[in-house]
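Chain and residue survey
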Amino acid sequence: MKTRIISALVALPILIIFLVLGGLPMKIALTAVAMIGLYELYKALCGYIKPVHFIGFGAGLIYLLFVEMIIKSASLFCIFITLFMLAILFYVVLTHESGNTMDGIVTFFGFFYVCFLMSHIYLTRQYTHGNLLVWLIFLSACGCDVGAYFTGMVFGKHKLIPQLSPKKTVEGAIGGVVVAVSLCVIYGVVLELNNGLEGVDTVLLCFITGFVGSIFSQIGDLAASAIKRYTGIKDFGKIMPGHGGVLDRFDSILFAAPVVYYSMFYLITVI
């Protein structure tokens, strides 16, 4: 526990600095984190399946470095995905004697699971009011993690999905949502008291993103547990002492980020 707390105290200021800076510094930092996460995933899945690392890393780098351009144009996004898929299929054809189709499928999946989902942190930060709303990703995901842990420890009796995560309980899951929503609503009230966001019901937006984000963050946690159980590993890596690898720390955030981004994207002009 002591190691875990020290690691968090070191990582938290770094995270805050890049979120505050936004722009190119955040993009570079997020790209580096995503590449480490993608490596961890490919390494975990290596065995009979052999992800095509250089194609996955190449696609991830191109996408993350030019994410605004690619996301803003539906046709450009389709072209990017098509070329990515064709590159994988071409490689599968060339290596048909030593590889198999699953190599390509896992390569494709890894890009979306790590790079695409993680890019929504940056997209949220760069969107309208993103400098204020990007914190909802971490309030909903991390708030849910902490709330679920302590609620489950005190009140937990009914196992949630013991086959994937033996320690998680239904009571903990509910407590995590309550804590996450409370934190997000409090944050929304603080923003509202400081003149809020022009044309936006800040508290309602924070409530919606906190509620939905906390639910999806738990799904993200369980999804990572399913991958680890399938591959027979305890942690994806050891880059953060006490926390494991990038994916061990970002598993819930990966699912919360798109929820906050799309909630903000569609609701900010409505409420």
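Each chain has its residues counted from 1, following the order in which its sequence is written. Per-residue local features of the predicted model are confined to residues with pLDDT of at least 70, and side-chain atom pairs are confined, for both listing and counting, to 80 or more; whole-chain, interface and lining totals are unaffected and use all residues. Computation of side-chain values: all heavy atoms of the structure, hydrogens and water removed.

This part takes up the overall build of the protein chain. Where helices and strands are cited, they refer to DSSP runs of H or I of at least four residues and of E of at least two residues respectively, numbered from the N terminus. For the protein chain, the helix and strand inventory stands at 11 helices and 0 strands. The reference for a compact globule is 2.2 Å times residues^0.38; the radius of gyration itself is calculated from the C-alpha atoms. In terms of overall dimensions, the protein chain is globule-like: its C-alpha atoms have a radius of gyration of 19 Å, near the 18 Å expected for 271 residues. By its C-alpha atoms, the protein chain is 65 × 45 × 30 Å across when sized along the principal axes. By sequence separation, contacts in the protein chain at least 24 residues apart represent 74% of the contacts at least 6 residues apart. The method behind every accessible area is Shrake-Rupley, applied with a 1.4 Å probe, and residues are considered shielded solely by the protein chains displayed. Of the roughly 13,800 Å² of accessible surface on the protein chain, 74% is carried by carbon and sulfur atoms. Residues counted as positive are Lys and Arg, residues counted as negative are Asp and Glu, and His and the chain ends are not counted. Each charge is placed at NZ for Lys, CZ for Arg, CG for Asp and CD for Glu. Where the 16 positive side-chain charges of the protein chain centre and where its 13 negative ones centre are 10 Å apart. Here a residue-residue contact requires only that any non-hydrogen atoms of the pair lie within 4.5 Å.

Quick look at helix H6 (residues 101–126) now. Relative to the 38 Å expected for 26 residues at 1.5 Å per residue, H6 spans 37 Å between its end C-alpha atoms, a close match to the ideal helical length. For H6, the principal kink sits at phenylalanine 112 and spans about 25°. Buried, partly exposed and exposed residues are distinguished by accessible area as a fraction of the type maximum, computed with a 1.4 Å probe on protein chains only: under 20%, between the cut-offs, and over 50%, respectively. With 20 of 26 residues buried, H6 is to be regarded as a mostly interior element. Expected span of a helix: the number of residues minus one, times 1.5 Å. Bending is quantified residue by residue as the angle between axes fitted to the seven-residue window ending at that residue and the seven-residue window starting at it.

Right, let's get into the packing of aromatic side chains. In this scheme Phe, Tyr and Trp rings, the latter by its six-membered ring, pair at centre separations within 6.5 Å, and the angle between planes marks the pair as stacked below 30 degrees, edge-to-face above 60, and tilted otherwise. A full pass over the atoms with the stated rule returns 18 aromatic pairs. Seen from their ring centres, phenylalanine 111 and phenylalanine 112 are 5.0 Å apart, and the 85° between their planes marks the pair as edge-to-face. Residue phenylalanine 112 is classed as partly exposed on the basis of its relative accessible area, which comes to 23%. An aromatic cluster is built from Tyr63, Phe77, Phe80, Phe84, Phe108, Phe111, Phe112 and Phe116, whose rings are joined through pairwise contacts.

Attention now moves to a nonpolar patch on the surface. Together, Val146, Tyr149, Phe150, Met153, Val154 and Phe155 make up a nonpolar patch on the protein surface, roughly 650 Å² of accessible area in all. If you trace the backbone, valine 146 turns up in helix H8 (residues 135–155). Exposure above 30% relative accessible area and the lack of any salt bridge qualify a residue for a patch; like charges then connect within 9 Å, and the nonpolar side chains Val, Leu, Ile, Met, Phe, Trp and Tyr within 5 Å. The salt bridge criterion pairs a side-chain nitrogen of Lys or Arg with a carboxyl oxygen of Asp or Glu, the two atoms within 4 Å.

Moving on to the pattern of salt bridges. Think of it this way: side chains of opposite charge can pair up when their charged atoms draw near. Following the criterion strictly, the structure yields 5 salt bridges and no others. Ionic pairing is found between arginine 249 and aspartate 145, a salt bridge with its closest N-O pair at 3.1 Å. Note that arginine 249 is positioned in helix H11 (residues 246–267) and aspartate 145 in helix H8, a separation of 104 residues in sequence. Each member of the pair, arginine 249 together with aspartate 145, is buried. For lysine 168, the salt bridge is made with aspartate 221, and the minimal N-O distance between the two is 3.4 Å. Note that lysine 168 is positioned in the loop between H8 and helix H9 (170–193) and aspartate 221 in helix H10 (residues 202–231), a separation of 53 residues in sequence. You can call lysine 168 partly exposed: its relative accessible area is 25%.

Further remarks concern empty space enclosed by the protein. Grid points spaced at 1 Å over the protein atoms alone were grouped into cavities, where a 1.4 Å probe fits but cannot get out, and pockets, open sets with protein on both sides within 12 Å along at least five of seven lines, with lining residues defined by an atom within 4 Å of a point. Grid points are joined across faces, edges and corners, and a volume is the space filled by probe spheres set on the points. If you walk through the whole model with that rule in mind, you get 1 cavity of 30 Å³ or more. Of the voids in this model, the largest cavity is the one considered here, and its volume is about 40 Å³. Around the largest cavity, the lining residues are Lys27, Leu30, Thr31, Leu64, Val67, Ser119 and Tyr122. Of all the elements in the fold, those that place two or more residues in the lining of the largest cavity are helix H2 (23–45) and H6. Tallying contributions element by element places H2 first for the lining of the largest cavity, with 3 residues.

Looking now at H2. Taking 1.5 Å per residue, 23 residues should reach 33 Å; H2 reaches 33 Å between its end C-alpha atoms and fits that length. Taken from the residues just after H2, glycine 47 is the one with a positive phi, measuring 160°.

As a further point, take the confidence of the model for the protein chain. A residue's pLDDT is simply how confident the predictor is in it, with values from 0 to 100. With 93% of its residues at a pLDDT of at least 70, the protein chain reaches an overall mean of 88. Element-level mean pLDDT values for the protein chain span from 74 in helix H1 (residues 2–21) up to 95 in helix H3 (residues 53–65).

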